Each structure stands twice: as structure tokens, then as C-alpha cells.
Amino acid sequence: MNKFPAWLNILVLVIAVTGILLALPNIYGSSPAVQLAEKNGIPVSEEKLAEFVRVVEDSGVVAEASYIKDGRAVLRFSANDQGTALDALRDNFAKEYGVAPTLAPKLPTWLRNLGLNPMSLGLDLRGGVYVLLEVDMDTAVEARMSSYQQDFEDRLREARIRQRVDLDNGVITVRLTSEENTIAAREIIRKSDPDIIITDGADGRSLQVRMTDAQIKAREDLAIEQNITTLRNRVDELGVAEPLVQRQGSNRIVVQLPGVQDPTALDKILTATATLEFRMLDQSGDEPGSRRYPGRGDEPAAILKRKVIASGDQIIDAGFVFVEGQPAVSIKLDAAGGESMLVTTQNNLQKLMCTVFIETSRETVMRNGVEQQRTIKVEEIINCATIRGVFKNNFQITGLTQVEARDLALLLRAGALAAPVYKIDERTIGPSLGQDNIDKGAMAISVGFLGVILFMAVYYRWFGMIANVALFSNLVFIVALLSLLQASLTLPGIAGIVLTVGMAVDANVLIFERIREEIAAGQPPQAAINLGYEKALSSIADANITTLIAAVVLFAFGTGAVKGFAITLSLGIMTSMFTAIIGTRAIVNLVFGGRRLESLPV
Amino acid sequence: MRLIKEKTHIDFLGPKRRKIALSLSLLFVIVSFASIATRGLNFGIDFTGGVLLEVGYSQAADIEGIRDNLAAAGFDDAQVLQFGEDTDVLVRLPPQGDAQPSEIRRQLQTVLESGGKTVDLRRVEFVSPQVGEELAEQGSLAMIFAMLMIFAYVMFRFQWKFAAGAVTALAHDVIVTVGFFSIFQLPFDLTVVAAVLAVIGYSLNDTVVAFDRIRENFFKLRGVSTEESMNTSINEMLARTLITGMTTLLVLVALLTLGGESIAPFSIALIVGIIVGTYSSVYTASATALLLGVDAQDLLEPVKDPSLIDDLP
């Protein structure tokens, strides 16, 4: 009696070993490192990595370890060397690579090769900046409506229909002079957008145009997506390792910058917007109003004419495409932009037209002791191409990398302006507090854990010791699962683990009390063990499921810190069911099973 | 080793004790409500919005001086508190309107560093009142939702009278725990909401384990009154209730004393909640079920009455 079949013993063993393996990366600690990521997302090659190492060595510093992880190069150093190495790497590679200081786990090579990682720490444990942004959706939708307004006006004028187009409160009203014109206008508008809602005005000489709910939703999604792309690119420019830019809910964006101490760096990013302009190259270089523009990246600087052929706010659609194997952005202009483009291309065949990328950002500066907001405008040529044919509304821009083309398309698609964002929550946690939180959390877990195991050992003797093994395995499993899921561990998360330590023994207490009862009722030891486990099961299941309900609700409703608590609590409940019921039974069976027993040490 | 005698026969549910227990619970609830209504809760900036700074000085901080300096700089509504060690200070401000966080941060830092002191900005938080409102709404919604789910689960596993007993006990625990925070004006932040939800989970755990035993005894102990069989069940589970409560309290005390100031409200909420929860699962939950007239019949499979079927058209 009380013997597990061999397969079950093996299963328990396999699970235990897997748990230990997954949790193992957490015991090595971490040390300062520098991370290099190719700006276009191309994975770093081994040769390039060797080059990084060489450059670092030339600066008189030796990397403790160097490897490629997720396509990025990581070079690990001792604390004093990180700064020197960072400078050397930035001097040499900052143009093509994002070079960022970070912390890297000190894993032995074999563990790293297995692809195992330690738990990722939340900002409250590692320090950094957390910002919650709200995207101004009304403005985003309003901007789209006003570009419709412009477009309808242009199209109707082109068709020589007299009209007045007004935009008010999300509704475009088109007033016309006759009923025939109304019918014609409806046709033209319908052709320009087959989905939009068009209703007749009461007087028969006007039309009201609104976006469908699906269009509004799509517009909003696009605005968020576009803002996220923009923010991500700009955050990359900051040189922060492992930044997080993520959508939250319908209209919010979370930005997390681990290790950053000054949130003002972010302010600049947030207020920046981007757009495009198309201008002709001034070949003579001395036309009145011509100006010199710098080139972006490898693009040479050039002198461009004053007249803007078309600008970002005339772009009504943009997409990422391949043209003859080259990444490109397809552009669709509104009627006015198309007209201007047509005239320009007709008159300038075989000449160079340039695309200027304009980025504006705001910066706070001190002037005469007074703080002032200053707008910084960066205008750079991203490509110049020969006009090979006449075109109007639709054309492509090449000369960009795949990533740039994709981002630009996204940026342009929603009109040139990113929807404005507002900061509604900003939290900065200093590194000293983060470390302090870790130390205190670890201390609380250790002391709480010691207290519980001492109590269990005294109270339930050998059975208590077995429960303690289960309790310890439970900790290992929680850490293993957190490492596997890469869910961020936060301070409330640690509190969840502490709580689990206290509650996890409950299952064993239920079982052991039951065994005691069965013995008191006169059952022989082996039967008492069996009955104890059996009868306690339904109570344990009920008790854990109800706690799990609370934890899951917490997870569903909670944000940030609370979610961290819900995660560790739920994981802890699940793992404790396994360790307390099956884990302890395996050991009990191994130790006591199949023997004649006079009494039980419970 | 045993904490209590192997067999206890404490009369938890005798008519007189039951009345005392229920009255006591009612009193707790009324006092809590009264305090929440009159004194309110000391909401953290998670809920009210505002600015929070945690700073560390290299020497013992002069709280009064900092308060004066802040008032002189126009922050006369700033709360300045000592936070843990005497070098650590917490500064709290109500929402600052449209002012840029970076600007306020700079101004505050200048004030705190006045007199050439070095200050370590350990934590800076800006929360808009809008986020606060949402969080408060989400928090309350989460609690209500959790209770509904739990009611459904207990009803499914037992029966509605038990479910009503369990949820009454839970509501009692939540109200008394929140009331405790109101009476002592402890900081009520988001982690406290999390703790209260964990209390719901824990207290229910206790209640359900007792119910489980009650159900078992309803069938095993024939010929005894409902009250007696419930009482026996609670006695049988007493050791387990106390031991689990004790180990949990043990780790929570460790968390409270060693876990740092920022997690303290969370630990306090759990400690209070678990003590109240243990009390309520022994007294309130079963007493309520008893009050609703629960008996062994309620847990039996309903016998299909053929005459009912005949009556159908």
C-alpha cells in the first residue's frame, strides 16, 4: 500500500528537475554590460561581435563575456569597466548601432545556450521611468475629417461643381447649388471613399458625410499604432536597453525605460512630431529662396527650392511596398497635392525631386533664468530621385531601409501628425530604492520561510520535514515559472510569494490533520496515510479554487503593481497544489510506503 | 506536537454565543461604516492623483524645515512625512493642474536641496486625478465581481444558504479591514486593494474548508441537530484553521517588519484581514448559514417528484 507506480515517480522527478533547471539562472546575479542593436533590426553577426570585442580591448578593457542574444550583441564587464567600454563602443558604432548600458545575467555558457533566462524585474525593483500616456483620439479623428473635407472640396472643384464644404463636430456638410449637382457630388464622394456614410440634407441641396464607426475605430487604432511606432523609434534613440512601449486599453500607451533616472529625456520624445515635404533640387544652387538641407544618414546634403510641391498633410494614404526588390513607401496624395505633383512632374522630367523628413520636438531651455519651451525642428533629406515619368496622386519613395520605409509608411498613413499625447501618470524609481526593495523582499521571504519550516518541523515532525521540502520546491517552481513566462517580478509580486509561503502549507496541514484524525479513529498507519490524502483532497481543491478566483479577478482588473501580485499569487496557488498533494505524497510513499509501520511521525 | 487538545468541544454556535458573535460582527461593521462615512479613507495618490516624492538625505532630515521651505516656494499644500528611517522623507502634493511634471520635479528638487544638502530622489510619482478615479472604480468593481464569482462557486459546490453565509462573512471581512484603515487613517493605496482581494480569497478558503467538513458530517453524524453537527465540524477544523492562520501571519509579520515602508500598508491590510477572516469563518459564516435555516436536507440531491411532472400540461 501507498506506492506510486514507477511512471508517476519518474514524472514527479522530471518535473522537479525541470523546475530546478528553469530556476537556476536566478542564482548567478548580474553585472554591468553594454548592449548593441543594429538600428534597422538586422541581427548582429559573429564577425561583428568579434569586432566589438576588439574595439573594447583597444580601449584597455576586457569583456568578461560576449555573446549574441535575440540578434543583439551583449558584452559584459566588471563594474568599473562598463563606462570605458560604453564610450569606446559609442565612438565607433553609434551611427549604425543603438549602444546602451544595461545589466546582463552572469549565466554560465551552457545555461545561456539552453535559452534560459532569470526572472525579469519590474521597474520598482531595478529602477527606471514609467509613463502612462493618453492619446488624444478626438484630435486624431478630427484631423482625418479635415483631410476628408479638404479632399472633397478639391475633388468637387476639379469636377467644376460649386460647393461649400464645412466641418463641424465630426460631420462634414457639403452645400451645393442644384439637385443635379447634389447627385453628382454624392457620386464623387462615394467614389473617393466607398464606405463613408453619406446622408441627404433636408433641403435636397446638401449632403452630410460622416465616418462609419468602423472607420473611426480604424482611425483610432491607427493613431495609437502610429504613435507607438514613433515612440519606439525615438526611445531607441535614447540608448536604453530593453525599453517597453506598449498599448494599454483603447487609448493609452505605456512607456517603460529601465535604468533611466531622468524622465525629462522622455518629454522631448513625447512632444515630437514628424512629417514630409517634397521639393525640387535647385541645380543652379542660387535661385531665390533656395536653402541647403542636410542629408539623413548617408544621404548627401543638397540645396532645394523654396516651393513645396506637396507636404505631409496632403498625404491621404501611405503603404510599405517593394519596388524592384527595394523597400519603398507608396504615397497617395489628395486632389490638391496630386494636381501640384502632376504639374511639377510634367515640367521637370529627368530632374531630381527630393523628399525631406521633418521632425519637430519641444525642449525646455533656460533663457535669462526663465524656463522657456523651444521648438526644435530637424529637416533632413531622406532621398532624391530622378523624375522618370509624369505622376499625380500615386507614387513611391525609395532610398530607405526596410525598417525606415515601414515606419515612415505608418507615420504617414494617419496624416503627417502623430495624434497628440498627454502624460497622465509618471513614476520614477531610483536604482537605490530598487535594490533596497529587492534586499528587503528577499529578507522577508527568507525570514518568513524559515519561521514556517521551523514550525512545521516541530509540529509535524518527519511529515513536517516532508512538507518543508514541498514548500521549498514550491518556491523553486514559482521562480521557475516566472523565469519561463518572463513576467516582471515587482515588489507586490514578492509580497505574493511571501503570502504563498504562508498559505501553501495549508494543504499539508489539512492532510496531516486528517491523518491524525484517522489514526485517532483507530486506522492503521498505512490506511491513515491513504485516507488522509484522499479525504483532504476535496477541501484542498475547494479552498485553492476559491483563492484562485480572487487572484484571477485581481489579475483581470488590476494594473501594474497589482497585476504583479496577482501573477505570483496565482502561480503560487497552482504550484502549491502540485507540491503539497503530489510532491509530498511521492516522498511519503517513498519513505513510509509498503512497510509495516507501528506508528506515524506526524 | 499539538496546539490545542486533540478533541475540542467548544460551543461556537450555541444560540447565546451565536447571538453574541453576530452582534459583535454587526458592531464591527457599523463602526467601520461610521468611520468610513465620517472620517473617510486616507487615500494614496494612486486614487487621488497628485505628486509623491520619496527622498533620502545623507543626514537626519529636518521635516519642519523642509515643510517651511516648500511653503515658501509656493507648495503650501505639501504633506511632509518621515518615511522609515529618519533620513528618509516622503513629500506629497495634490494634483498640480496643467503644470509639467518635469518642471515640478525640478522645483521640488531645488527646494529639497536648499542649504547645500544632497538628496537622493528615490521615487517620484505623478498621477493625474483621472487615472486615480479609474483605479478606484476598477478596484471596487473587482471586489464586487470577485464576490459574485465566489457566490456562484459556493452555490455550485454547496447550496445558496452556504453561499450567502460565505459572502456575508467576506463582506464582513472587507468592510472591517477597510474600516480599520479608516479608523487609524492608514494610507490606503492600490496595494491595499490587492491585499483586501487576497483576504477575500483567504477568508473564503477558511470558510469553504469548514463547509466541506460540515457537509461531510451532515451525512456521517445521523441523529444530531444541524447546529451540533456544524459545531462539531468547526471544532474538528479548529487546529487546521489556527495553524494555517498562524503560518500566514508569521510570514506577514516578517513582511511588515522587514519588507520596507512601501509594502507596509499591504501587510497591515492582510494581517487585519486574516485575523478578521479567521474569526468570521468560525463564527459569522456558519452562524449566517444557520440563521438562514440550513440543514442536511439542503445538501441532498433533490428527489424528483413524479407528481410534478404529471401536473405539467
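Here is what the cut-offs are and how they apply
- Residues numbered from 1 in each chain as written.
- Chains lettered and ligands numbered in written order.
- Predicted model: local features only at pLDDT ≥ 70, side-chain atom pairs only at ≥ 80, totals over all residues.
- Helix = DSSP H or I, 4+ residues; strand = E, 2+ residues; numbered from the N terminus.
- Rg over C-alpha atoms; globule rule 2.2 N^0.38 Å.
- Buried ≥ 20, exposed ≤ 12 C-beta atoms within 10 Å, placed from the backbone.
- Contact = placed C-beta atoms within 7 Å.
- Axes fitted to C-alpha atoms, helices over the stretch in contact; angles between N-to-C directions.
- Parallel < 35°, antiparallel > 145°, perpendicular 65-115°, else oblique.
- Nonpolar A, V, L, I, M, F, W, Y, C, P; charged D, E, K, R; others polar.
- Pairing = 2+ DSSP bridges.
- Core = buried A, V, L, I, M, F, W, Y, C linked by C-beta atoms within 7 Å.
- Domains from an automatic or database assignment.

Trainee: What's the story with the overall build of chain B in this structure? I'm lost.
Mentor: Tallying secondary structure elements over chain B gives 11 helices and six strands in all. Over its C-alpha trace chain B gives a radius of gyration of 25 Å, far above what one expects of a compact globule, namely 20 Å for 313 residues. Judged by the C-alpha coordinates and their principal axes, chain B covers about 85 × 60 × 30 Å. Per-residue burial over chain B gives 48% buried out of 313 residues. Put simply, 78% of the contacts in chain B that link residues at least 6 apart link residues at least 24 apart.

Trainee: What is the right way to read the packing of helix 12 (residues 431–485) of chain A against helix 13 (residues 491–520) of chain A from this model?
Mentor: Geometry of a packed helix pair, given as the angle between the helix axes and the separation of the axes. All names here are of chain A. Where helix 12 contacts helix 13, the two axes come as close as 8 Å, and the packing angle between them is 5°. Between helix 12 and helix 13, the angle falls in the class roughly parallel. Across the contact of helix 12 with helix 13, the residue classes tally to 19 nonpolar, seven polar and no charged.

Trainee: Sorry if this is basic, but what is going on with the sheet that holds strand 3 (residues 79–83) of chain B here?
Mentor: Either a parallel or an antiparallel arrangement is found when strands of a sheet pair, and the pairing is made through backbone hydrogen bonds. Strand order in the open sheet formed by eight strands is 10(A)-11(A)-5(A)-20(A)-5(B)-2(B)-4(B)-3(B), and the pairing between neighbours is antiparallel. Each having just a single partner strand, strand 10 (244–248) of chain A together with strand 3 of chain B make up the two edges of the open sheet. Within the sheet, the average angular offset between the axes of one strand and its neighbour, ignoring direction, is 20°. The sheet strands contacting helix 12 of chain A are strand 20 (421–429) of chain A together with strand 2 (50–57) and strand 5 (119–127) of chain B, and the helix crosses strand 5 of chain B at an angle near 90°. Against the sheet, helix 5 (residues 129–157) of chain B contacts strand 5 (128–135) and strand 20 of chain A together with strand 5 of chain B, and its axis sits at roughly 80° relative to strand 20 of chain A.

Trainee: When you look at the nonpolar core in this model, what are you seeing that I'm missing?
Mentor: Most often, soluble globular proteins have nonpolar side chains that are buried together. By size, the foremost hydrophobic cluster in this structure holds 204 residues, and its most contacted members are L554(A), A166(B), V196(B) and L197(B). Considering each element in turn, this core owes the most residues, 21 residues, to helix 12 of chain A. The contacts of L554(A), once residues within four sequence positions are left out, are V562(A), F565(A), A566(A), A142(B), A194(B) and L197(B). If you look at the next biggest cluster of nonpolar residues, it comprises 29 residues, including Y293(A), M341(A), F395(A) and I397(A).

Trainee: Would you take a moment to explain the interface of chain B and chain A for this structure?
Mentor: Where interface size is given, it is often the accessible area lost as the parts come together that is meant. Counting residues at the interface gives 58 residues for chain B and 61 residues for chain A. At the level of elements, helix 4 (101–113), strand 5, helix 5, helix 7 (190–220), helix 8 (226–258) and helix 9 (264–282) of chain B are the ones that each hand at least two residues to the side of chain B that touches chain A. Taken together, the residues of the side of chain B that touches chain A sort by class into 35 nonpolar, 13 polar and 10 charged. By the bridge criterion, five bridges tie strand 20 of chain A to strand 5 of chain B in an arrangement that is antiparallel. Directly across from D425(A), in strand 5 of chain B, lies its bridge partner V127(B).

Trainee: So what exactly am I meant to see when it comes to the domain arrangement of chain A here?
Mentor: Residue and element names in this part refer to chain A. On domain assignment, one finds that chain A holds domain 1 (6–24 + 430–592), domain 2 (30–106), domain 3 (138–216) and domain 4 (233–427). On the side of domain 4, nine residues touch domain 2, which itself brings eight residues to the contact. A total of five residues in the side of domain 2 that touches domain 4 trace back to one element, the largest contributor, which is strand 4 (residues 97–105). A class-by-class count of the residues in the side of domain 2 that touches domain 4 yields three nonpolar, five polar and no charged.

Trainee: Before we go on, may I ask you to explain the pairing of strand 9 (residues 206–210) of chain A in this structure?
Mentor: All names here are of chain A. Residues L207 and V209 point to one face of strand 9 and are all buried, whereas S206, Q208 and R210, pointing to the other face, are not buried. As judged from the four bridges shared by strand 7 (residues 171–176) and strand 9, these two strands associate in the antiparallel manner. Note that in strand 9 the partner of I172 across the bridge is V209. Here four bridges tie strand 8 (residues 197–200) to strand 9, and the two strands are oriented antiparallel to one another. Counted as the bridge partner of T199 is Q208 from strand 9. Here strand 8 folds back onto strand 9 in antiparallel fashion, the turn holding five residues, of which G204 has a positive phi close to 75°.

Trainee: What should I look at first to understand the environment of D213(A) in this one?
Mentor: Locating D213(A) in the fold gives a position in helix 8 (residues 213–237). Between the C-alpha atoms of D213(A) and T275(A), which are 62 residues apart in sequence, the distance is 27 Å.

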